[in-house]
Structures are given as structure tokens and as C-alpha cells.
Amino acid sequence: MEIRTHPRGVRPRTPVVADERTTEPRRLAAALSGLAAAAAAMGIAELAAGALGRASSAPLLAVGAGFVDLTPGWLKDFAIRRFGSADKAVLLTGLGAGITVAALAVGLLSRRRLARGLLGLGAFGAVGVGAALTRPVAGPADAVPSIVGALAGMAALTLLVRAARPSSRAEHGTAAQAGGETNEDGAADRPDGPRRRSKDTGPGTEVDRRRVLLTGAGVAGVAAAGGVFGRALLRRGDVSSVRAGLRLPPPASPARPVPRGAQVRAAGMTPFHTSGRDFYRVDTALALPQVDPRDWTLRIHGMVARPVEMSFDDLLREALIERDITLSCVSNQVGGDLAGNARWLGAPLAPLLRRAGVRSGADQILSRSADGMTLSTPAEAILDGRDAMLAVGMNGEPLPIAHGFPVRMVVPGLYGYVSATKWVVDLKVTRFATDRAYWTERGYAEHAPVKTFSRIDVPKPLAGVRAGRVTVAGTAWAQHRGVDAVEWQVDDGPWREARLAPVPGLDTWRQWVAEWDAGPGSHTLRCRATDGTGRTQPGHRAPPFPDGATGWHSVVVTVT
Ligand SMILES: Nc1nc2c(c(=O)[nH]1)N[C@H]1C(S)=C(S)[C@@H](COP(=O)(O)O)O[C@H]1N2
Ligand SMILES: [Mo]
């Protein structure tokens, strides 16, 4: 492992250099020291984040969130298309890999000069501090985990590097090995040859391996304990049990019953109602906000006559409505599944805004979540009589935490990024000319009504089917305009009308089904929908950015 570029005799004998060079830990040991020190840093940072009760202040999540914010729209669309709801796991794994590599590098840097490694850890810490402080809801305390983490990492690295350095006896031995000559105290006459020693194996090793192992184990222990205790502390803030114990009042206005036949019966067909577990999830929250309903308040302010502040109990005292509404994401691709249909329970939003007294000229409701995310919604969409609500329930239960517990917005007909604020705590009545929200700042459209969309759910892409009668079925949506027709086509044949399943209203998706007399060969099935205004989905393919994808979904199947 010891690679010498100069024989001892040639190497300049400046005492500092000579000293450093002869007391270097071996490479592997050095790299692993860096890794262990970084682990200690992360563990202690996690502990500090736990003590603060702020998951998002831990460096990994803070830096990850910074990444999310810096991600351009097209890359976000790509990540969602490629990884779906696993996008966050992929990001954090990538970040973890990056940190591992950087930690190994820090270890190697510290080999010759500890100060360089310490500087590297300091730089890590600085990035963590920067990321934590630039989170939208950050306070000065959010810098603490990265700072104490970096200090812990520095301490660990110092201990490890010192322990891994060959002792003074080894110093000379190594020198002898390098130069192959006798040095001051004749260490070259040691019995073990240079090769042997260079592998750091035999009993002749001068590094105090016991000390190295003990120090390493100690550091790893600190890292693990920090991580485990930090996690445990963070779990104190978990609101799952509060959620489980919550009873929601019944709606003053129940949902219309779902008509018989809303669910098309075909193997592999999408369920009409999406369970909370299967519901797609798209958000920027790396750590789920844990909002206790007992602490929840909603502020309605800005261009209003009478600012409002209300508690969760106040909200539950409103005349709650229950509605089936399909939510969909602007990032959904043609044929994609970033849409779900749930039964929402909530307080109608328009009366709350009217009570606050919306001033004339206001055209935007800027909503803010507990974790500082902002979404803008055209005021008109909320006030035009549709069932815009502050939802507290989803499919007969309190909202799942991942879907906005305890309160989220739902506005039928608009993409989620301009309407469906999860963990919502603040509504500012404002103008588009004055305020921008997270995604609109990144170039996405301010007005983003859901585009008419239809999808073939069965047969699945590239499925093999038997010749004869084949059921073709799918899902279409054009929330708040309704789906009036779905047509389907085989290869470039004529467009035929599919049978539409009944729906409870205009705000949900609608299933469709057709029977196909399939002949052998490879065939392309295609579909397109027409909404309640009579407009047919355009065949032109457009990407999700900036206001939603267009194009006809097609599926290739092999008939035998
Ligand atoms: N607080 C918060 N709310 C949010 C988002 C977010 O990132 N943060 N994403 C929005 C987007 S882009 C969509 S499509 C919907 C998705 O809601 P879901 O995760 O419950 O399906 O939430 C919206 N509400
Ligand atoms: Mo979205």
C-alpha cells in the first residue's frame, strides 16, 4: 500500500514532510476513517435534529431538499416518470452514494495532512448548514445539526487518523522499507520484509491494530447510536397515533352514491376509488410534515376585509361536504398513472374566503404548507361554485399523513400543483402580479385546468391475448367538465365509440369499455376522449411542462 515516489535518500529531509510521510496511515485505513468519521457526523447530526424535533434540519434531508428545489422542471418530470413515487428514495440513495464517495476522499485527504480532511468535513458541514438555512421554514436552530455533526466528524477523524498512524517504531520500519537502507536506528534489520509489511497483515505490523479497531468501533458505535436515538427522538413528533385516534364528524352534505356499473368488470381494471395506500404521491417533502391537529391553525389573510385564524375544531364545525373527486398531477404522462380518485370530506372553501371578505382585484389564493411549500390557485376557480374544499378526510378516514394530514386543499378540475396543497396552514389572498408559488416560479402555468385525458388500462402494453373477443377498457378524465365520449381505434382503422360507465358527477374519472373482435397479429390500440364542452383530446404529443401532457395513449398487443 505504501507507494513511494522517492527513495528515502532522495526525498528532501525537511522535518515536517519527513514526519508526515513516515507516519501516514495506510490508504484503506485512511479511507475507512473518512467513512467512519462521516458516519459519526451524520449520526450526531441526526441526534441533534431529533433533539430539535426537526427532521428536515438533518443534513441529508436538508441537502436533499435543496436538490429538489434546484431540480429543473424537465428533470423533475423525468424523475417522476422514471421512478414515480420512489423518486425520493432514489434521490436520497444517490445522495448517500455521493456522500460515501466524498467521505472516502476525505479519509484519503487526511492521510498526509489531517487538516485537509478536517477542512473537507468542515466543507460538508457548511453545505449542510447552507441547505438547512435556506429551507423555506428554517430558523437559525436548523444550522445546529450540521454544525455539531461536522464537529463530531472532525473529532472522530482526528482520533481515527491518530490511531491508524504507525507508531514511532513503525515510522522507521516504513522508512527502511521505502529506502531499503538502514536508517538512524537500524530498523532495516527487522525480520519482516517490506512486501509483507506493506500488506499490513503479519504480526510485524507496527500499527497498533487493537487501538485502530477499538477507535473504529467506538466511532461506529457513536454513529449508530446517534442515528438510532435521533430517529427515536424524531418519532416523538410522529402524529400517526393522533391520527388513528381522531374521529371526524359526518358530512352535512354526503357524497352522491356511486352508480351501479361505475366499476367496469375486467381483470386488471383500475378500481373506481383509489385507496389511500395506492394513491399516487407527488410532493417535495423528503420528511413528511408531522402536523398535530391540536396545534393546527389556518390563517386567511392578505387582500381580505377580515383576516381569519381558525383551529382544527373550528374547521370541523363547518358544514362539511363529502365528494368523489379525481386528483391528477401535471407531471402525468400520456398513459400515466399519476391520478387517483378518492372520497374527500372537507369544509367548503368558498364560504370561508367570503367570510374573510375577498377584496376586489385579488385573483390568486396563495396557499402554504407546514413545510413551507407554496401553491397558487386562481381565486375564480375556488369561488365559482365548484366543490373546492379544505379536506380533512379521505375515503372515510382522516387524511393519510402522506396525503396532507390533517388538512389539505382539493379543487376539482385543476392539476394538483395549483390546487391540492397538503398540510396546508396558510391562505393568502393576493394577485398573480404580486406573488408566485413554487412551481409557477419554475415556469409551470399559473392557470392549469386538467387536460382531457384517456388511457387504456386493459389489455396491458405488450400483452399477449387470444384471438376472438377481447375486452378493451380504460379510464378517462376531464374533471369538472366531465367525459362525454371515449373513442377507440385498432391500428389505423375507424374510431369507434366505447361504452361509458356511469359516474356520480363531473369531478371524477370515468371508466369505459369496448369489445374487440381481435384477429391474429400485432395490433396497436388507441383511445381518445371528448369532454363535456365537446372538445376532443388532441393527438398532438406534448410533454407535461408547462401545463400538462397531451396525446393519445396507445398500447401494442400481440394476438395469437
Ligand atoms: N405541501 C405540498 N402539497 C402539495 C405538493 C407538495 O409538493 N407539497 N404537491 C402537489 C402536487 S404537484 C400534486 S400532483 C398533489 C399530489 O397529491 P397526492 O400526493 O396526495 O396525490 O399534491 C399537491 N400538493
Ligand atoms: Mo403534481
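In this report, we go over the structure that sits alongside the text. Small disclaimer: the values here were computed from a predicted structure and weren't measured.

**A few points about the nonpolar core**
Argument step 1. Counting residues in hydrophobic clusters, the biggest one holds 74 residues, and the most contacted among them are Ile 300, Leu 315, Trp 344, Leu 349, Leu 390 and Tyr 417.
Argument step 2. Inspection of this core shows a minimum of three residues originating in each of domain 2 (297–442) and domain 3 (453–559).
Argument step 3. Grouped together as the second largest cluster of nonpolar side chains are 23 residues, Trp 512, Ala 514, Leu 525 and Ala 529 included.

**Side note on the pairing of strand β3 (residues 321–328)**
Regular strands show a simple pattern: their side chains alternate between the two faces of the sheet.
Argument step 1. Burial analysis of β3 places seven of its eight residues in the buried class, the great majority of the element.
Argument step 2. For β3 and strand β4 (residues 339–348), the ladder comprises eight bridges, and the chain directions are antiparallel. Within β4, the residue paired with Ile 325 across the bridge is Ala 342.

**Quick word on helix α2 (residues 27–52)**
Argument step 1. Taking 1.5 Å of rise per residue, 26 residues should cover 38 Å, and α2 covers 37 Å from first to last C-alpha, within 8% of that figure.
Argument step 2. Directly after α2, the chain includes Gly 53, whose backbone phi takes a positive value near 75°.

**Let's talk about the site of ligand 1**
Argument step 1. Around ligand 1, the structure places 19 residues, and the nearest of them are Tyr 280, Thr 284, His 403, Arg 408 and Lys 422.
Argument step 2. Here a nitrogen atom of ligand 1 and a side-chain polar atom of Ser 369 are 3.4 Å apart.
Argument step 3. Measuring from an oxygen atom of ligand 1, one finds a side-chain N or O atom of Lys 422 at 2.5 Å.
Argument step 4. Per-class residue counts for the shell around ligand 1 are 10 nonpolar, five polar and four charged.

**Re the sheet that holds strand β17 (residues 510–518)**
Argument step 1. Here we have four strands laid out as an open sheet, ordered β11-β13-β17-β16, and antiparallel in their pairing. Every interior strand has two partners, whereas the edge strands, β11 (453–458) and β16 (499–500), have only one.
Argument step 2. Sheet topology note: the β11/strand β13 (residues 468–477) ladder contains five bridges and is antiparallel. Counterpart to Phe 453 in the pairing with β13 is Trp 477.

Rules of the game
Residues numbered from 1 in each chain as written. Chains lettered and ligands numbered in written order. Predicted model: local features only at pLDDT ≥ 70, side-chain atom pairs only at ≥ 80, totals over all residues. Heavy atoms only, no water. Core = buried A, V, L, I, M, F, W, Y, C linked by side-chain atoms within 4.5 Å. Buried < 20%, exposed > 50% of the residue type's maximum accessible area, 1.4 Å probe, protein only. Domains from an automatic or database assignment. Helix = DSSP H or I, 4+ residues; strand = E, 2+ residues; numbered from the N terminus. Pairing = 2+ DSSP bridges. Expected span 1.5 Å × (residues − 1). Near = heavy atom within 4 Å. Polar contact = N/O pair within 3.5 Å; in protein donor to acceptor, adjacent residues only side chain to side chain. Nonpolar A, V, L, I, M, F, W, Y, C, P; charged D, E, K, R; others polar.

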